Amino acid sequence: MQFIIIVFVSIILFSSCVERVDIETMGMVPVYASVDDFSFIKSEEPRSFDNLGNIVNVGDYIFIGERNKGIHVLDNSIPSSPVNIAFWSIPGNNEFTIEGNVLYADNSVHLLVIDISDFGDIQYIKHFDNIYNPEESNPVRPPSEYIGPFVCSDSQKGIVVDWNMQLIINPNCEAY
Amino acid sequence: MKRIIYFSLISLFLWSCTSESADSFNSTITGSYATLLTVGDFLYAINDSELTTFDISTTEDPMKVSIQDVGFDVENIFHQNGVLFIGSSSALHIFEIREDGIPKRVSQTDYELLEVWCSNDPVIVKGDYAYVTLSTTRINECNRFQNQNELRVYDVSDPSNPKLEFTEFVEFPKGLTIRDNTLFVCLEQSGFVMYDISVPNAPEFFNSELGFPAYDIIAKDDLLMVVSPEELRQYDISDVNDIIYLSSIDL
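What counts as what
- Residues numbered from 1 in each chain as written.
- Chains lettered and ligands numbered in written order.
- Predicted model: local features only at pLDDT ≥ 70, side-chain atom pairs only at ≥ 80, totals over all residues.
- Heavy atoms only, no water.
- Helix = DSSP H or I, 4+ residues; strand = E, 2+ residues; numbered from the N terminus.
- Buried < 20%, exposed > 50% of the residue type's maximum accessible area, 1.4 Å probe, protein only.
- Lys, Arg positive; Asp, Glu negative; His and termini not counted.
- Salt bridge = Lys/Arg side-chain N within 4 Å of Asp/Glu carboxyl O.
- Polar contact = N/O pair within 3.5 Å; in protein donor to acceptor, adjacent residues only side chain to side chain.
- Contact = heavy atoms within 4.5 Å.
- Phe/Tyr/Trp six-rings, centres within 6.5 Å; stacked < 30°, edge-to-face > 60°.
- Lys NZ or Arg CZ within 6 Å of the ring centre and 35° of its normal.
- Pairing = 2+ DSSP bridges.
- Core = buried A, V, L, I, M, F, W, Y, C linked by side-chain atoms within 4.5 Å.
- 1 Å grid on protein atoms, 1.4 Å probe; cavity = no way out; pocket = protein on both sides within 12 Å on 5 of 7 lines; lining within 4 Å.
- Points joined across faces, edges and corners; volume = space filled by probe spheres on them.
- Nonpolar A, V, L, I, M, F, W, Y, C, P; charged D, E, K, R; others polar.
- Patch = residues over 30% accessible without salt bridge, like charges linked within 9 Å, V, L, I, M, F, W, Y side chains within 5 Å.
- Areas by Shrake-Rupley, 256 points an atom, 1.4 Å probe, with all protein chains shown as cover.

Residue and element names in this part refer to chain B. With respect to the secondary-structure elements, Asp155 resides in strand β12 (residues 150-155). One buried charge, Asp155, has no salt-bridge partner; the nearest side chain with opposite charge is Lys163, at 5.6 Å. A polar atom in the side chain of Asp155 sits 2.6 Å from the side chain of Ser157. Non-local contacts of Asp155, meaning those with residues more than four positions away in its chain, are made with Asp128, Tyr129, Asn161, Pro162, Lys163 and Glu165.

Here's what the structure looks like:
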């Protein structure tokens with residue numbers, strides 16, 4: 001009987017000494033900004049499409065959302081040859097509509113009101129708090145051309161404004 | 001004398017240009033997955049479960065005027081003649097806009113699907129009929145294969161009592177749009193299909209454009225715009241029996 005107890009206790013002591021091995025690797029890590037930080041809302045140079053979502057057409061212009069990033073603006077005066085003229089950076093954006101010179105767009109949490117009378121210089125005006133639940137929106141992923149491990153985005157930490165390649169430990173997501 | 005004539009001609013020309021009615025050309029057209037919509041002086045916003053109404057009569061200074069529950073897994077909003085049609089994964093919700101701009105619920109029609117998670121189910125309306133595509137999502141979170149992918153037509157002449165009048169299997173249907181008597185439906189993995197809806201509750205397939213993924217589609221006059229994850233394609237649809245590919249932009 002004593003022998004059994006000794007063996008039993010030894011196993012417990014021994015197992016607490018066995019270390020779990022952490023996985024260390026290069027991978028993508030999200031960079032967060034506060035959902036209340038509107039300084040990221042601006043007009044930028046046109047850029048390539050990725051992960052397109054909603055489309056809106058007004059007159060000769062086509063607006064196409066890129067999930068969680070912002071809105072591509074196309075001049076479609078000649079439909080056989082549309083021109084990509086601007087990108088409106090709105091981190092966290094997935095939904096939008098336009099009425100006249102005003103863009104209504106989300107940033108995953110708030111509903112933003114943005115003046116677009118100058119496509120090259122859009123201006124944040126105001127917002128309405130907490131119209132959206134960030135947990136209901138699609139998880140944010142690294143750019144689709146990236147293959148490899150990454151740290152999953154966590155909407156509790158804010159909105160993702162960029163991804164950095166760095167050493168990560170025990171990545172919880174994989175892009176393939 | 002010549003100067004007077006030239007001046008008059010130029011004035012006339014300018015006057016006719018500025019008085020030209022560009023209202024319908026410049027009106028906003030949203031896609032099948034729109035969750036934000038303006039109707040007159042109001043903006044309607046849907047999130048996963050609620051419908052929020054904003055008064056936007058003062059430009060750049062909107063005011064929130066109402067929030068109400070809609071249901072769950074709410075996905076898109078469409079407007080026709082003062083009636084809001086809200087699509088969700090499990091039901092079609094219909095609201096009538098009251099005089100004060102606040103929508104009032106009129107009906108909720110369950111789709112009665114076998115399973116209700118992970119689908120994208122936009123609804124659009126023309127006249128007395130609503131067209132809905134019900135589909136699974138095979139990317140992101142949903143890995144289980146579901147066998148319910150349909151195009152449905154509901155008679156909504158009485159919005160308080162929609163009636164299902166047509167159902168047909170479609171391969172992973174996504175966004176949809178109508179131009180005159182043609183219904184265009186995106187197929188997530190293969191392109192888009194075209195139905196003749198001269199008889200609105202009996203769509204008849206007559207043509208397709210295949211070879212590319214298609215998520216959403218909108219028609220404006222003679223122009224058809226098709227959105228894929230990384231590309232925008234456009235077609236001339238002045239003759240729906242002979243649609244002409246115009247361009248593709250993927251940059």
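We are not done yet, so read on.
Contacts between chain A and chain B engage 44 residues on the former and 47 residues on the latter. Connecting chain A to chain B are one salt bridge. Residue Lys126 of chain A pairs with Asp61 of chain B through a salt bridge whose shortest N-O separation is 3.1 Å. Along the contact surface separating chain A from chain B lie 16 residue pairs in polar contact (both at pLDDT 80 or more).

With that settled, consider the packing of aromatic side chains. Here the distance between the centres and the angle between the planes together describe a pair of aromatic rings. Throughout the structure, instances matching the rule amount to 16 aromatic pairs over all chains. Aromatic pair Trp88 of chain A and Phe119 of chain A: ring centres 5.3 Å apart, planes at 80°, arrangement edge-to-face. Taken as a pair, Trp88 of chain A in strand β6 (residues 83-89) and Phe119 of chain A in the loop between β9 (111-115) and β10 (123-128) lie far apart in primary sequence, 31 residues in all. A residue is classified by how much of its surface remains accessible, and Trp88 of chain A, at 0% relative accessible area, is buried. Taken together, the ring pairs connect Phe184, Phe192, Phe212, Tyr235 and Tyr245 of chain B into an aromatic cluster. Between Arg47 of chain A and the ring centre of Phe87 of chain A, over which it is positioned, the NZ or CZ distance is 4.3 Å. Positioned above the aromatic ring of Phe212 of chain B is the side chain of Arg233 of chain B, whose terminal nitrogen or guanidinium carbon lies 3.8 Å from the ring centre.

Residues and elements named next belong to chain B. With four bridges connecting them, strand β10 (residues 123-126) and strand β11 (residues 129-134) associate as antiparallel partners. Bridged to Val123 within β11 is Val132. Following β10, the chain reverses through two residues before pairing antiparallel with β11; Gly127 in that reversal takes a positive phi of roughly 60°.

Our focus in this paragraph is the nonpolar core. Counting 18 residues, the largest nonpolar core has Phe63, Trp88, Ile90, Leu103 and Ile114 of chain A as the members making the most contacts within it. Here Trp88 of chain A is in contact with Lys42, Ser43, Phe63, Lys69, Gly70, Ile71, Val73, Ile98, Leu103, Ile116, Phe119 and Ile122 of chain A, once residues within four sequence places are set aside. Grouped together as the second largest cluster of nonpolar side chains are 15 residues, Val153, Leu176, Leu187 and Ile197 of chain B included.

Scanning the entire structure with this criterion turns up 10 salt bridges over all chains. Where Glu44 of chain A meets Arg47 of chain A, a salt bridge forms, and the shortest distance between an N and an O atom there is 3.9 Å. We classify Glu44 of chain A as partly exposed; its relative accessible area is 30%. Notably, a salt bridge pairs Arg179 of chain B with Asp222 of chain B, separated by 2.3 Å at the nearest N-O pair.

All names here are of chain A. Tallied over the entire structure, the rule returns two cavities of 30 Å³ or more. Size it by volume and the largest cavity reaches roughly 40 Å³. Lining of the largest cavity is provided by Asp37, Phe38, Phe40, Ile41, Pro91, Asn107, Leu112 and Ile159. Grouping the amino acids of the lining of the largest cavity by side-chain chemistry returns six nonpolar, one polar and one charged.

What follows deals with the side chain of Thr38 of chain B. You can see Thr38 of chain B is positioned in strand β2 (residues 36-39). Thr38 of chain B sits in the buried class, given a relative accessible area of 16%. Among the polar contacts made by the side chain of Thr38 of chain B, one reaches the side chain of Glu99 of chain A at a distance of 2.5 Å. Those residues in contact with Thr38 of chain B that lie beyond four places of it in its chain are Thr97, Glu99 and Tyr104 of chain A together with Leu43 and Ile56 of chain B.

On to a nonpolar patch on the surface, then. A grouping of Met1, Phe3, Ile4, Ile5, Val7, Val9 and Ile11 of chain A is seen on the molecular surface, where their side chains present a nonpolar patch of about 740 Å² in accessible area. With respect to the secondary-structure elements, Phe3 of chain A resides in helix α1 (residues 2-17).

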